[in-house]
Amino acid sequence: MSAKRMNREQFFRVVSGLDEDRLRKALWNLYWRGTANMRERIEVELASDGRGRPSRPAKEPPDPETVRWEVGEFVSLARSGAYMGGDRRVLPRERSRWRFTFKRLAAEAQDALRDEDAGPAASALEQLIDLACEAHDYDYFRSDDPVAAAGFVVSDVAAVLWAWTWERHGFQAFAETAAPQLIRWESRYGWTRHGQGPVAATEASLAVVLARMLRVPDTWEGFAEQYVRALDALRDRAASTRQTRRFAQASEERSRALAEWHGLLLENLADTEGGLLDRIAGHAALGGPEQTFLSARLAHRRGNTDVARDLTAQCLQKLPGHNDFREFAAEIGAAAPG
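Analysis parameters
- Residues numbered from 1 in each chain as written.
- Predicted model: local features only at pLDDT ≥ 70, side-chain atom pairs only at ≥ 80, totals over all residues.
- Heavy atoms only, no water.
- Helix = DSSP H or I, 4+ residues; strand = E, 2+ residues; numbered from the N terminus.
- Rg over C-alpha atoms; globule rule 2.2 N^0.38 Å.
- Buried < 20%, exposed > 50% of the residue type's maximum accessible area, 1.4 Å probe, protein only.
- Contact = heavy atoms within 4.5 Å.
- Areas by Shrake-Rupley, 256 points an atom, 1.4 Å probe, with all protein chains shown as cover.
- Phe/Tyr/Trp six-rings, centres within 6.5 Å; stacked < 30°, edge-to-face > 60°.
- Axes fitted to C-alpha atoms, helices over the stretch in contact; angles between N-to-C directions.
- Parallel < 35°, antiparallel > 145°, perpendicular 65-115°, else oblique.
- Left-handed = near helix turned anticlockwise from the far one by under 90°.
- Nonpolar A, V, L, I, M, F, W, Y, C, P; charged D, E, K, R; others polar.
- Salt bridge = Lys/Arg side-chain N within 4 Å of Asp/Glu carboxyl O.
- Expected span 1.5 Å × (residues − 1).

Undergrad: Help me understand the overall build of the protein, please; the structure alone is not making it clear to me.
TA: From N to C terminus, the protein includes 19 helices and zero strands. Over its C-alpha trace the protein gives a radius of gyration of 29 Å, far above what one expects of a compact globule, namely 20 Å for 338 residues. Over its C-alpha atoms, taken along the principal directions, the protein stretches across nearly 105 × 60 × 35 Å. Classification of the 338 residues of the protein by burial places 40% in the buried group. A separation of at least 24 residues holds for 67% of the contacts in the protein among residues at least 6 apart in sequence. Of the roughly 20,300 Å² of accessible surface on the protein, 49% is carried by carbon and sulfur atoms.

Undergrad: What should I look at first to understand the packing of aromatic side chains in this one?
TA: How two aromatic rings sit relative to each other is set out by the distance from centre to centre and by the angle between their planes. All told, the structure shown has 18 aromatic pairs when counted by the stated rule. Measuring from centroid to centroid gives 5.6 Å for phenylalanine 174 and phenylalanine 223, while their planes differ by 45°, and the two rings are tilted. Within this pair, whereas phenylalanine 174 is found in helix α10 (residues 171–185), its partner phenylalanine 223 is found in helix α13 (residues 217–241), the two being separated by 49 residues in sequence. Here phenylalanine 174 matches phenylalanine 223 in class, with each residue buried. Through a chain of ring-to-ring contacts, the aromatic side chains of Trp162, Trp166, Phe171, Phe174, Trp185, Trp220, Phe223, Tyr227 and Trp261 assemble into a single cluster.

Undergrad: How should I be thinking about the side chain of histidine 283 in this particular structure?
TA: Structurally, the position occupied by histidine 283 is in the loop between α16 (276–281) and α17 (288–301). What makes histidine 283 buried here is its relative accessible area of 6%. For histidine 283, the contacting residues outside a window of four places in its chain are Val228, Leu231, Asp232, Arg235 and Gln291.

Undergrad: Is there a simple way to explain the packing of helix α7 (residues 119–134) against α10 in this structure?
TA: For any two helices packed against each other, the geometry comes down to the angle between their axes and how far apart the axes lie. Contact geometry for α7 and α10: axes closest at 10 Å, N-to-C directions at 20°. Classed by the angle they form, the pair α7 and α10 counts as roughly parallel. α7 and α10 meet at a crossing whose hand is left-handed. Here Glu126, Ile129, Asp130 and Cys133 of α7 come into contact with α10, specifically with Gln181, Arg184 and Trp185. Classifying every residue of the contact of α7 with α10 by side-chain character gives three nonpolar, one polar and three charged.

Undergrad: Please explain the pattern of salt bridges as it appears in this structure.
TA: Oppositely charged side chains can form a pair if their charged atoms are brought close together. Per the stated rule, a full pass over the model turns up 17 salt bridges. Measuring nitrogen to oxygen at the nearest pair gives 2.8 Å for the salt bridge that ties arginine 79 to glutamate 134. Taken together, the positions of arginine 79 in helix α4 (residues 64–79) and glutamate 134 in helix α7 put the pair 55 residues apart, joining distant regions of the chain. For arginine 79, a relative accessible area of 42% gives the class partly exposed. By relative accessible area, which is 22% here, glutamate 134 ends up partly exposed. Notably, a salt bridge pairs aspartate 87 with arginine 89, separated by 2.8 Å at the nearest N-O pair. We classify aspartate 87 as buried; its relative accessible area is 16%.

Undergrad: Explain helix α18 (residues 305–318) to me, please; I cannot follow it from the model alone.
TA: Each α-helix turn comprises 3.6 residues. Residues three or four places apart therefore point the same way. Helix length check: α18 (14 residues) gives 20 Å between terminal C-alpha atoms against 20 Å at 1.5 Å per residue, within 8%. Inspection of α18 places Ala308, Leu311, Thr312, Ala313, Cys315 and Leu316 among the buried residues, and these make up the whole buried set. Contacts from the buried residues of α18 go to α17 and α19 (323–332).

Right, here's the structure in full:
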């Protein structure tokens, strides 16, 4: 007649008095003399992550060079109109599945950042963000809202890219690359065409993304310096091509898109020396009433209330229905247009 089987508490109480060598010996006897099913269960435990599940080695990241090549091909085909039809380089079936290709490439590019030599993956992500920003205004795909259809949250991907750049190459390299990207990518109302749905609800402005990263005054000032240099490069490029009218229009659009960023700069740099805010407020790569509004707020922070009122009145003359202009005018007592 067999002995009565111990319950869980009794068993643990007995084995608690055994040292590691005796526990290993008992487990070996059970493994060696047990049934095949028993050996399999022991092997699962030995290979587990502590919760009864076998631990799996981390999957190797995709090859960054391959990812960059695939992304480059995809972006090139999209910009050429190949996904809109009439181009044999993209099969009809692939034209309707472009969003799945976009999602796959975005996921692989981010995963490839884990590679030791992940520079090509970062380049691939930059290309995909550029394409997403362009797809707001250009019909590269047969979709009413390409960014929403692809499920591509520009601000999330930019945050991943910027965090990787800072961690891998340091703050200076991050600021040098992210500042021109901010100017190129920022969108005041997001990157989906209609501003509705789960993708739009997840988006944040790039100004907010940067505010979460720039936690100390030195980083704000260092990034602002690179931001001014990026604006200088835009101005110099426009001067060399003599596209005066187009540049003026682009400057106003740029100021509208970067209005939130300029407000954050004002909050974080108003008490610093060096004239960075003055250079931004008067920069030729910016323009329109949004730039004037930055000058008005800067004047008010410095106690030049009369100047601030005059500048705010100029803003309201051009955009009388602008809520931020009207609220600030009421705050400082500026005259609203009749």
